[in-house]
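What follows is the residue order along each chain.
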Amino acid sequence: MRVFGTDVKKLYGVGDVRASRYAAMGIKTVGDLLLHYPRGYEDRGNIKLLTEGDGLTKSAYLLTVATEPKSVRVKGRMTLTKFRAYDDSAVCDITFFNQEYLKATFTVGSTFRFYGKVEYKAGRYVMTSPAYEAWSEDAELPELIPVYPLTEGITGKQIAKDIRAALTLASVAEDAEDPLPEEIRRRNGLCLRSYAIRNIHAPKDFAALASAKKRLIFDEFFNFALGLTISGEKNRRSPAFPCAGGDVQPLLGVLPYKLTGAQSRVIEEIRADMARDMLMCRMVIGDVGSGKTVCAAAAILFAVQSGHQAALMVPTEILARQHYESLSEIFARLGLRAALLVGATPAAEKRRIYAALSSECEDRIDVVIGTHALLSAGVDFYSLGLAVVDEQHRFGVDQRAALARKNPMAHTLVMSATPIPRSLALALYGDLDISVIDEIPPGRQRVDTFAVDDSYRQRLNGFIRKQIESGGQVYVVCPSVDESSEEEQADLLMESVGTEGDLLCRLDDDRPRAPLKSAVKFSAELEEEFPEFKVDFLHGKLSSREKEKKMKAFVSGETHILVSTTVIEVGVNVPRASLMIVENAERFGLSQLHQLRGRVGRGERKSYCILVSEDINTEGSAKERLLTLKSSYDGYSIAEKDLAMRGPGDFLRNGARGSVRQSGGVKFRLAELCDDTGLMSLAFSEAKRLIGEDTDLSKHPALRGEVENMFSTDPAAVN
């Protein structure tokens, strides 16, 4: 649509003040406004009788005004406007606050469609401040009413009005060129984008909304896949230092154990990549404890054997120190000089490391292990041949690229402890070659897993005390940081296109849910329960220095119980940690729960994971997830189950644990809500086919523009 670039101030009623508020939401043009999709819909087409109201769920009611509205001033400036309305089943008292002008709207005998909660109190049906629309037999009201994400100073009515104006303006361009090639659109049964944009905002029915969402979600997956594929092809054509003749035998000779078959296979894939004069851009995905670090050590050895250097970057100082402690002795026995570089490294030591990295002197450094400090301006390499990034999802695209830019001809290896199905990995990381370690070394102990409700709290506290008294430590994970950040129980849901192409699109059912445990409050409760033990809390709102300090205290054994959000999902080894408790476990995905469970059982102590959830007593997907985790310990089978239950969108979603794909500037608007794995696969398959025919999209300039816009803050992805 050509009007997409029009300034939002061209819309009637949008002046400088509202435009500035829109700008704060990232909305500057008519196109930005039209791409500001609803976060949910109110289903007002399903009319209920007053006697069917349950007091919990918002519903639509067709009521006739029975009494003249009266206004009463109470509590100083507050005014209550009340009247009665009825349907065939009952009479209802309706109240509005500080809206005295409504007396002229609700005339006796007029009929309105009200939307709200009907409660039964003191023998009467009552509604408070419902939404309302005048009804007549001659004018059909829309069944689905969009509800938009808002910001301060922008009301729902304002944004709905402005979007209607934007749709009217865009209607003159409905026949404009659709960026998606016609044959792809027809082959996959997709509607025109103009139809999709109109029906995502003003759907005439559920079928139209399903069709619109299918097209828009396909577009997001398709454009994302195009950008990744172009980037991957570019990387595979880029020159690099060939590290031919890599010999892993010296490493095998100093290891106290034998490699698994999966580790040997992955090391051979890395060796073959690094032997070429083209960039290696490989990701190693492996479950917690699968032995990814040994594969990285082999890659580092190959680089140094060829006369180059290697850098290993990790997200935290504690993890950097643990890697250094475990690898430096091995490297020393292989004749490699290693160094540790973190933010806390003394200035004099930093200067020595900088000098030893930048020149091929007698005390040169072959491999440096560090944090973001490796990205500092003073860090230069005389010949960086390999950049390794561990826990890659903790870094953004720009940070990983900054390390690689230390030498554009250096091979890149990234590692992730997030098991995801191979099909999804190939889709999400189309610019990387994938190696999967799908075998756990022998001797790795199983973490016994239990699911209980809150009635077990006293027994659970006794188990905590027993673990600590016998020398163990305890993790407690909560879904919320503090009470103020807890999710609203009545959040809107917009469920996505299902596997049969149908759509459920509704408000949350408002069913009672267990209150969220917050890390700050719950740690205080545990301090009272266990005054003899040291209890601390950890969450993402703390500064990096505070998090490092608290984590160090736990690693050293000074802290006995660490209450945390999911910031501890990946990271350091705490061999004495023998108990993981996850509160409100129903709020977490299967893969995430498996990752959390992997924080314990890393030493010789028998370890346990206890999932606390009231949903264990009710039938549903939450109970199914919890029972799956009780019986399964393989990260990849769990990930497959997670994908089947929740769809690919949850793997993209930014949230407490971050997204699997930290894609720089890429923002998914609808795809992160998608539960249709087939739709994602279709989009990625079509993208690969198109790139095979048109490598740089030069034959599809409109589509290339869409891709460049999607990767706008990461231009290297498509340039």
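The preceding data block contains the structure.
Let us look at the structure shown here. Please read all numbers here as calculations on a predicted model, not as lab measurements.

1. Some details on the packing of aromatic side chains
Working step 1: The full count for this structure, using the stated rule, is 17 aromatic pairs.
Working step 2: Between F83 and F96 the ring centres are 6.4 Å apart and the planes differ by 15 degrees, which places this aromatic pair in the stacked class. Separated by 13 residues along the polypeptide, F83 in strand β5 (residues 78–86) and F96 in strand β6 (residues 91–97) bring together distant segments of the chain.
Working step 3: Where F96 meets Y132, the ring centres are 5.8 Å apart and the plane angle is 85 degrees; that geometry is what we call edge-to-face. Taken together, the residues span a long stretch of sequence, with F96 in strand β6 and Y132 in strand β10 (residues 131–134) at a distance of 36 residues.
Working step 4: Classification of F96 as buried rests on a relative accessible area of 2%.
Working step 5: Here Y132 falls in the partly exposed class, since its relative accessible area comes to 24%.

2. Observations concerning the side chain of T628
Working step 1: In this structure, T628 sits in helix α18 (residues 621–631).
Working step 2: Among the polar contacts listed, one links the side chain of T628 to the backbone oxygen of E624, at a separation of 2.8 Å.
Working step 3: The contact partners of T628, leaving out residues within four places of it in the chain, are L590 and K641.

3. Quick look at the nonpolar core
Nonpolar side chains tend toward joint burial in soluble globular proteins.
Working step 1: The biggest cluster of nonpolar side chains holds 68 residues, and the ones touching the most others in it are L251 and L386.
Working step 2: Per-element accounting of this core gives the leading share, 11 residues, to helix α9 (residues 292–305).
Working step 3: Beyond its immediate stretch of four places on either side in the chain, L251 contacts V294, A297, A298, L301, I330 and L334.
Working step 4: Counting residues in each nonpolar core, the second largest holds 60 residues, with V3, I154, L167 and A170 among its members.

4. Thoughts on a negative patch on the surface
Working step 1: Where like charges cluster on the molecular surface, the negative patch consists of E525, E527, E528 and E529.
Working step 2: With respect to the secondary-structure elements, E529 resides in helix α15 (residues 519–529).

5. With respect to the side chain of R193
Working step 1: Its place among the elements puts R193 in helix α5 (residues 193–201).
Working step 2: Polar side-chain contacts of R193 include one of 3.1 Å to the side chain of E706.

6. Describing the packing of helix α17 (residues 590–597) against helix α19 (residues 635–646)
Working step 1: Following both chains from N to C, one finds α17 and α19 inclined at 150 degrees, their axes separated by 8 Å at the closest point. The orientation of α17 relative to α19 falls into the category roughly antiparallel. Two secondary-structure elements touch here, α17 through L590, S591, H594 and R597 and α19 through G635, I638, A639, K641, D642, M645 and R646.
Working step 2: Looking at side-chain class alone, the contact of α17 with α19 contains four nonpolar, three polar and four charged residues.

What counts, and where the lines are drawn
Residues numbered from 1 in each chain as written. Predicted model: local features only at pLDDT ≥ 70, side-chain atom pairs only at ≥ 80, totals over all residues. Heavy atoms only, no water. Phe/Tyr/Trp six-rings, centres within 6.5 Å; stacked < 30°, edge-to-face > 60°. Helix = DSSP H or I, 4+ residues; strand = E, 2+ residues; numbered from the N terminus. Buried < 20%, exposed > 50% of the residue type's maximum accessible area, 1.4 Å probe, protein only. Polar contact = N/O pair within 3.5 Å; in protein donor to acceptor, adjacent residues only side chain to side chain. Contact = heavy atoms within 4.5 Å. Core = buried A, V, L, I, M, F, W, Y, C linked by side-chain atoms within 4.5 Å. Patch = residues over 30% accessible without salt bridge, like charges linked within 9 Å, V, L, I, M, F, W, Y side chains within 5 Å. Areas by Shrake-Rupley, 256 points an atom, 1.4 Å probe, with all protein chains shown as cover. Salt bridge = Lys/Arg side-chain N within 4 Å of Asp/Glu carboxyl O. Lys, Arg positive; Asp, Glu negative; His and termini not counted. Charge placed at Lys NZ, Arg CZ, Asp CG, Glu CD. Axes fitted to C-alpha atoms, helices over the stretch in contact; angles between N-to-C directions. Parallel < 35°, antiparallel > 145°, perpendicular 65-115°, else oblique. Nonpolar A, V, L, I, M, F, W, Y, C, P; charged D, E, K, R; others polar.

These figures capture arrangement, not role.
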